[in-house]
Amino acid sequence: MSRHGALMTAQGLVKSYRRDAETVHALRGVTLSINRGQVVALIGPSGSGKSTLLNVLCGWEHAEAGQLLLDESLGASKPEDLPWGRVALVPQALGLLEELTILDNVLMPARLAGGVKPMLGRAEELMSEFGIDHLTARYPDQVSLGEQQRTAVARALLLSPLVVLADEPSAHQDAGWSDVLFAAFSRLAAQGHACLIATHNPVVWERADTVFAMRDGELATHNTRSAAAAP
Ligand SMILES: Nc1ncnc2c1ncn2[C@@H]1O[C@H](COP(=O)(O)OP(=O)(O)O)[C@@H](O)[C@H]1O
Ligand SMILES: [Mg+2]
């Protein structure tokens, strides 16, 4: 296991969607690494392929060409075989289960991993940090969209995954809550984990260790703070 190296490396990922007679080329050969200890921002216009990339990286969708190399610490060589809790996604559409309370939504990864009780304290801690601790017994349709989104982020962070893929996690947040969420992602990265955040929020681009920019299914430019700071 490399201490500082890449947790995930994508090489030449290609993904297209067929829509009737039309083919949409969502990813046209995307190559990138997600390194330990880093918060990585993924920017780009709407429709440029950010969500598709995150969905392929977490194994929700399959690339039709290219390779995805996973560090052995992730416990699988293919994303679809990843054990629960190693890689977590905050989906753009949140994906909360409407029939579960806010608390049970946050606890969902623990339930799938086989043990809710040991994670109750951690769930309460995250919910308090994200200002949703007074909403434990409510259902998603009884809280605001911003609170639903913070629930989805708390759910993703519950098991302290090695890689968090967050799809526009501050889209429904004000500046204060965006800062709180970013601080939580940064803290996780500082422990040697990594976060890839698709975002339109300039504050995230400024604070991220690396910024990848997507355009029309390709990574257009790439800026690494440490490289930029080098003489
Ligand atoms: N399930 C799908 N079926 C058809 N086209 C899709 C699907 N998902 C995404 N696309 C298309 O792929 C392109 C990239 O979309 P997406 O990855 O959602 O971009 P972004 O997240 O940057 O807004 C867009 O043209 C979008 O319309
Ligand atoms: Mg998107």
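Rules and cut-offs
Residues numbered from 1 in each chain as written. Chains lettered and ligands numbered in written order. Predicted model: local features only at pLDDT ≥ 70, side-chain atom pairs only at ≥ 80, totals over all residues. Heavy atoms only, no water. Near = heavy atom within 4 Å. Polar contact = N/O pair within 3.5 Å; in protein donor to acceptor, adjacent residues only side chain to side chain. Areas by Shrake-Rupley, 256 points an atom, 1.4 Å probe, with all protein chains shown as cover. Helix = DSSP H or I, 4+ residues; strand = E, 2+ residues; numbered from the N terminus. Nonpolar A, V, L, I, M, F, W, Y, C, P; charged D, E, K, R; others polar. Donors = N, O, S within 2.8 Å, 3.2 Å for Na, K, Ca; no water. Pairing = 2+ DSSP bridges. Axes fitted to C-alpha atoms, helices over the stretch in contact; angles between N-to-C directions. Core = buried A, V, L, I, M, F, W, Y, C linked by side-chain atoms within 4.5 Å. Buried < 20%, exposed > 50% of the residue type's maximum accessible area, 1.4 Å probe, protein only. Contact = heavy atoms within 4.5 Å. Phe/Tyr/Trp six-rings, centres within 6.5 Å; stacked < 30°, edge-to-face > 60°. Lys NZ or Arg CZ within 6 Å of the ring centre and 35° of its normal.

Asks: Whenever I open this one, the site of ligand 1 confuses me. Can you help?
Replies: Close to ligand 1 lie Tyr17, Arg19, Val24, Ala26, Pro45, Ser46, Gly47, Ser48, Gly49, Lys50, Ser51 and Thr52. In this structure, an oxygen atom belonging to ligand 1 sits 2.9 Å away from a main-chain N or O atom of Ser51. Burial of ligand 1 by the protein amounts to 68% of the accessible area it has alone, namely 560 Å². For the shell around ligand 1, the elements supplying multiple residues, two or more each, are strand 1 (6-19), strand 2 (22-35) and helix 1 (50-57). Of the residues contributing to the shell around ligand 1, the split by class is four nonpolar, six polar and two charged.

Asks: What's the story with the coordination of the magnesium ion (ligand 2) in this structure? I'm lost.
Replies: Six octahedral donors around a metal ideally subtend angles of 90 or 180 degrees, whereas four tetrahedral donors ideally subtend 109.5 degrees. The protein atoms that coordinate the magnesium ion (ligand 2) are Ser51 (OG) and Gln92 (OE1), at distances of 2.1 to 2.2 Å. With Ser51 in helix 1 and Gln92 in the loop between strand 5 (87-90) and helix 2 (102-113), this pair connects stretches of sequence that are 41 residues apart.

Asks: How should the sheet that holds strand 2 be read in this particular structure?
Replies: Backbone hydrogen bonds hold the strands of a sheet together, and the pairing may be parallel or antiparallel. Strand order in this open sheet of three strands is 2-1-4, and the pairing throughout is antiparallel. The open sheet terminates on both sides in strands that have one partner only, identified here as strand 2 and strand 4 (65-70). On average, adjacent strands in this sheet sit at an angle of 20° to one another, irrespective of strand direction. Note: strand 1 against strand 4, five bridges, orientation antiparallel. Bridge pairing in strand 4 places Thr9 opposite Leu69.

Asks: So what exactly am I meant to see when it comes to the nonpolar core here?
Replies: Across soluble globular proteins, nonpolar side chains show a tendency to be buried alongside one another. By size, the foremost hydrophobic cluster in this structure holds 40 residues, and its most contacted members are Phe130, Leu157, Leu158, Phe185 and Ile197. The element best represented in this core is helix 5 (residues 175-190), accounting for six residues. If sequence neighbours within four positions are ignored, Phe185 has contacts with Val39, Val153, Leu157, Val164, Ala166, Pro169, Cys195 and Ile197. Among the nonpolar cores identified, the runner-up in size contains 30 residues, and Cys58, Ala76, Ala194 and Ala198 belong to it.

Asks: Which parts of the structure should I look at to understand the environment of Glu80?
Replies: Mapped onto the elements, Glu80 comes out in the loop between strand 4 and strand 5. Glu80 gets classed as partly exposed once you look at its relative accessible area, which sits at 41%. For the pair formed by Glu80 and Lys50, sequence separation is 30 residues and the distance between their alpha carbons is 19 Å. When sequence neighbours within four positions are dropped, the list of residues in contact with Glu80 reads Gly59 and His62.

Asks: How do you make sense of the side chain of Thr101 when you look at a structure like this?
Replies: Note on placement: Thr101 falls in the loop between strand 5 and helix 2. Under the relative-accessibility criterion, Thr101 is labelled buried at 14%. Residues in contact with Thr101, not counting those within four places in the same chain, are Thr136, Ala137, Arg138 and Tyr139.

Asks: What should I look at first to understand the packing of aromatic side chains in this one?
Replies: Aromatic ring pairs are reported here in terms of the distance separating the ring centres and the angle at which the planes meet. For the structure on display, the rule yields zero aromatic pairs. Arg150 extends its terminal NZ or CZ atom over the ring of Trp177, reaching a point 4.1 Å from the ring centre.

Asks: How should helix 1 be read in this particular structure?
Replies: Each α-helix turn comprises 3.6 residues. Residues three or four places apart therefore point the same way. Within helix 1, seven of the eight residues are buried, which leaves the element mostly enclosed by the surrounding structure. Those residues of helix 1 that fall on the buried side of the exposure criterion are Lys50, Thr52, Leu53, Leu54, Asn55, Val56 and Leu57. Within two residues after helix 1, Gly59 carries a phi angle of roughly 90°, on the positive side.

Asks: I would appreciate a short explanation of the pairing of strand 1 in the present structure.
Replies: Strand residues, when the strand is regular, have side chains that alternate between the two faces of the sheet. Bridge analysis of strand 1 against strand 2 gives 11 bridges, and the strand direction is antiparallel. Across the sheet, Ala10 pairs through a bridge with Leu32, a residue of strand 2. Linking two consecutive strands that pair antiparallel, namely strand 1 and strand 2, is a turn of two residues; a positive phi of about 55° is found at Asp20 within it.

Don't take any of this as a statement about function, it's just geometry.
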